[in-house]
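Listed below are the residues making up each chain.
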Amino acid sequence: MGRRYDPERRQRIIDAAIRVVGEKGLAGLSHRTVAAAADVPLGSTTYHFTTLDELMVAALRQANEGFAKVIAARGGLEDPRADLAAELAGWMGEWLAGDRTGVELEYELYLAALRRPALRPVAAEWTERLVDLVARRTDPGTARALVALMDGICLQVLLTDGRYDEEYAREVLARIIPPRSDA
C-alpha cells in the first residue's frame, strides 16, 4: 500500500500534543504518546517534528493564538477613551472563564521555557506581542509592567485554583496606569 496523502496530519499531531500535555503534563509528552493520541504512525510525529522541542514550539505557538483571539475579539485597545484597566481585566476574565485546561496548558508550555531554551523565543515573542498591543494605549515601560502583572494574576488564580476577581484585577491594573493627560 502506498503512502496516503494527509495534509491535516501535521495539525492533528499538534492538536494531539496539546491534548497530551493537557491530560498528562509535559512529563507525559513523547513522540509515542502524541502518535497514539493523533492516531498516526510514530514515524509521522518524528517526520513532522524531529525533536520534542520542535513539537512544543508548535504547540506553544498554537496555544498563544487562543489568547490572541480573545484580544482581537474584544477590540478595546482601538478606543482611546475606553478604560484600559477594565479592558485588560476583561481579557483575563474571558481567558480564565470556563474550562481552564487551555490556559493551564499555555502556562505550562510558557514556563517550560525556563528549562528548554528552544521555547524561549516563542515565549518572548508572545510577551513582546502583548506588550506591543498594550503599548498602543500607554508607554512601553507601563505596558511591560501591566503584562507582568497580568501574568502574575493569572498564575495566582491557576495555582490556587481560585476564582478570578475581575474588579480586583481592574483595580490593581489601574494603579500602574498613569493618569491621562487629557483628563
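Residues numbered from 1 in each chain as written. Predicted model: local features only at pLDDT ≥ 70, side-chain atom pairs only at ≥ 80, totals over all residues. Heavy atoms only, no water.

**Here's the deal with the overall build of the protein chain**
1) Next: When helices and strands are counted, the protein chain shows nine helices and zero strands.
2) Next: Ordering the α and β elements of the protein chain from the N terminus gives α-α-α-α-α-α-α-α-α.
3) Next: Judged by the C-alpha coordinates and their principal axes, the protein chain covers about 70 × 30 × 30 Å.
4) Next: Among the 183 residues that make up the protein chain, the fraction classed as buried is 43%.
5) Next: Looking at the protein chain alone, contacts between residues at least 24 apart form 65% of all its contacts between residues at least 6 apart.
6) Next: Looking at the protein chain as shown, the accessible area adds up to about 10,200 Å², and 53% of this sits on carbon and sulfur atoms. (Helix = DSSP H or I, 4+ residues; strand = E, 2+ residues; numbered from the N terminus. Buried < 20%, exposed > 50% of the residue type's maximum accessible area, 1.4 Å probe, protein only. Contact = heavy atoms within 4.5 Å. Areas by Shrake-Rupley, 256 points an atom, 1.4 Å probe, with all protein chains shown as cover.)

**Description of the packing of helix 8 (residues 140–160) against helix 9 (residues 166–176)**
1) Next: Relative to each other, helix 8 and helix 9 sit at 155°, their axes nearing to 10 Å. It follows that helix 8 is roughly antiparallel to helix 9 by the angle criterion. As for how helix 8 packs across helix 9, the hand of that crossing is right-handed. Residues T142, A145, L146, L149, M150 and I153 of helix 8 form the contact with helix 9, whose own contacting residues are A169, V172, L173 and I176. (Axes fitted to C-alpha atoms, helices over the stretch in contact; angles between N-to-C directions. Parallel < 35°, antiparallel > 145°, perpendicular 65-115°, else oblique. Left-handed = near helix turned anticlockwise from the far one by under 90°.)

**What to know about helix 6 (residues 101–112)**
1) Next: Compared with an ideal rise of 1.5 Å per residue, which puts 12 residues at 16 Å, helix 6 spans 16 Å between its outermost C-alpha atoms and is within 8% of the ideal.
2) Next: Every buried residue of helix 6 is accounted for by V103, L105, E106, Y107, L109 and A112. (Expected span 1.5 Å × (residues − 1).)

**Digging into the confidence of the model for the protein chain**
1) Next: When pLDDT is averaged along the protein chain, the result is 88, and 96% of the positions lie at 70 or above.
2) Next: Mean pLDDT across the elements of the protein chain ranges from a minimum in helix 4 (residues 52–74), with 81, to a maximum in helix 9, with 97. (pLDDT = per-residue confidence, 0-100.)

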